[in-house]
Amino acid sequence: MTQNLKQQSSCKECCERCVGSLPWASLIATILLYMGVALFCGCGHEALSGTVTILQNYFEVIRAPGETLDVFTIIDILKYIIYGLAAGFFVFGVLLLVEGFFTTGAIRDLYGEFKITACGRCLTAFLMFLAYLFFLVWLGVTAFTGLPVFMYFNVWSMCQNTSLVEGANLCLDLRQFGAVTISEERKVCTGSEKFFKMCESNELDLTFHLFVCALAGAGAAVIAMVHFLMALAANWGYLKDASRMQKYEDIKSKEEQELHDIHSTRSKERLNAYT
């Protein structure tokens, strides 16, 4: 019995030391998530606006009338998705941060009046599922953001090496990227005046670097979700161990109360027999 008490006490101290670092892990992950989402949403929004300017000024792409689904409509949809990502992950980050701090406080107050419930463990498991799901979402967003970075890098490289491609007569045709229909011919060739104006303008260079920053923000969000998954997994393990500890403490207190009652009863019987 004494050996079991020592083992339980040692586990309790180890749990308290390990749990002390969990709020900081959640805080770091939240800051990283907010930085990544802000970088992705801000730079991605401005990069899409720069793309619209490039399409209108240098490729002479006109917005289709009515409800026609064209490249400008798709860009508007992507902007609304960015708005939703910014709002949704702000709330999600707050929930994960609060869960991390409350779980730590719950474990620290385990031996007070607080009782760990199955609802708390289910909430942690549900947040783990959401964190894993959003981790996959941000992986997809990162891969999707890499496509415009690759395309703009090719155009930017052509502009940076105009002397090498001057005699090659290369063309940038929007039909290859699906930005316009097959019947429309919207292209800019290396020897044209529009190509040199586009290369000399600030829109191309700024839009390319904004997409690069958006890609970096998406990568930071992926790393933040990995941090959240580790913190939530640690919280789940500590909650499970703390629940077992709580059951042990309840059983021990009941046994001690029973022993105390038996001792009191025998004392009374002896006292009555003596009198």
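Scroll up for the structure.
Residues numbered from 1 in each chain as written. Predicted model: local features only at pLDDT ≥ 70, side-chain atom pairs only at ≥ 80, totals over all residues. Heavy atoms only, no water.

Peer 1: Tell me about the overall build of the chain, residues and numbers included.
Peer 2: On a plain count of helices and strands, the chain comes out with 7 helices and 2 strands. Counting from the amino terminus, the chain carries its helices and strands in the arrangement α-α-α-α-α-β-β-α-α. For the chain, buried positions account for 35% of its 275 residues. In the chain, the share of contacts with a sequence separation of at least 24, taken over all contacts with a separation of at least 6, comes to 82%. For the chain, the computed accessible surface area is about 16,600 Å², with 64% contributed by carbon and sulfur atoms. (Helix = DSSP H or I, 4+ residues; strand = E, 2+ residues; numbered from the N terminus. Buried < 20%, exposed > 50% of the residue type's maximum accessible area, 1.4 Å probe, protein only. Contact = heavy atoms within 4.5 Å. Areas by Shrake-Rupley, 256 points an atom, 1.4 Å probe, with all protein chains shown as cover.)

Peer 1: So what's going on with the packing of aromatic side chains? Residues and values would help.
Peer 2: Tallied over the full model, the rule gives 13 aromatic pairs. For the ring pair Y80 and Y83, a centre distance of 5.9 Å and an interplane angle of 85 degrees mean the geometry is edge-to-face. Linking Y80 with Y83, this pair stays in helix α3 (residues 71–108), spanning 3 residues, or about one helical turn. A residue is classified by how much of its surface remains accessible, and Y80, at 60% relative accessible area, is exposed. Judged by relative accessible area, Y83 falls into the partly exposed class, the value being 45%. In this structure an aromatic cluster arises from ring pairing among F40, F89, F92, F134 and W138. (Phe/Tyr/Trp six-rings, centres within 6.5 Å; stacked < 30°, edge-to-face > 60°.)

Peer 1: Please provide a residue-by-residue account of the nonpolar core, values included.
Peer 2: Residues L33, F40, F59, V61, W138, M198 and M225 are the most contacted members of the largest nonpolar core, which totals 53 residues. When contributions to this core are tallied by element, the ones reaching two or more residues are α2 (22–57), α3, α4 (118–160), α6 (193–200) and α7 (202–274). For this core, the element with the most residues is α7, which contributes 13 residues. Filtering out sequence-adjacent residues up to four positions away, W138 remains in contact with V37, F40, L85, F89, A218, A221, V222 and M225. (Core = buried A, V, L, I, M, F, W, Y, C linked by side-chain atoms within 4.5 Å.)

Peer 1: Just give me the short version of the state of the cysteines, but keep the residues and values in it.
Peer 2: Applying the stated criterion to the full structure yields 2 disulfides. The disulfide bridge from C171 ends at C189, spanning 2.0 Å between sulfur atoms. For the disulfide bridge between C171 and C189, the dihedral angle about the S-S bond is near 90 degrees, and by the sign convention the bridge is right-handed. Residue C171 is located in strand β1 (residues 171–173), and its partner C189 is located in strand β2 (residues 187–189); the two are separated by 18 residues in the primary sequence. If one numbers only the bonded cysteines of the chain, in the order they occur, the disulfide pattern is 1-4, 2-3. Among the cysteines around C41, which has no disulfide bond, C43 carries the closest sulfur, lying 9.8 Å off. Judged by relative accessible area, which is 9%, C41 ranks as buried. For C43, a relative accessible area of 12% corresponds to the buried category. (Disulfide = S-S within 2.5 Å.)

Peer 1: For the environment of A220, give the residues involved together with the corresponding values.
Peer 2: Considering the arrangement of structural elements, one finds A220 in helix α7. Between the C-alpha atom of A220 and that of T142, which follows or precedes it by 78 residues, the distance is 9.7 Å. With near-sequence residues (within four places) excluded, A220 lies in contact with L32 and G36.

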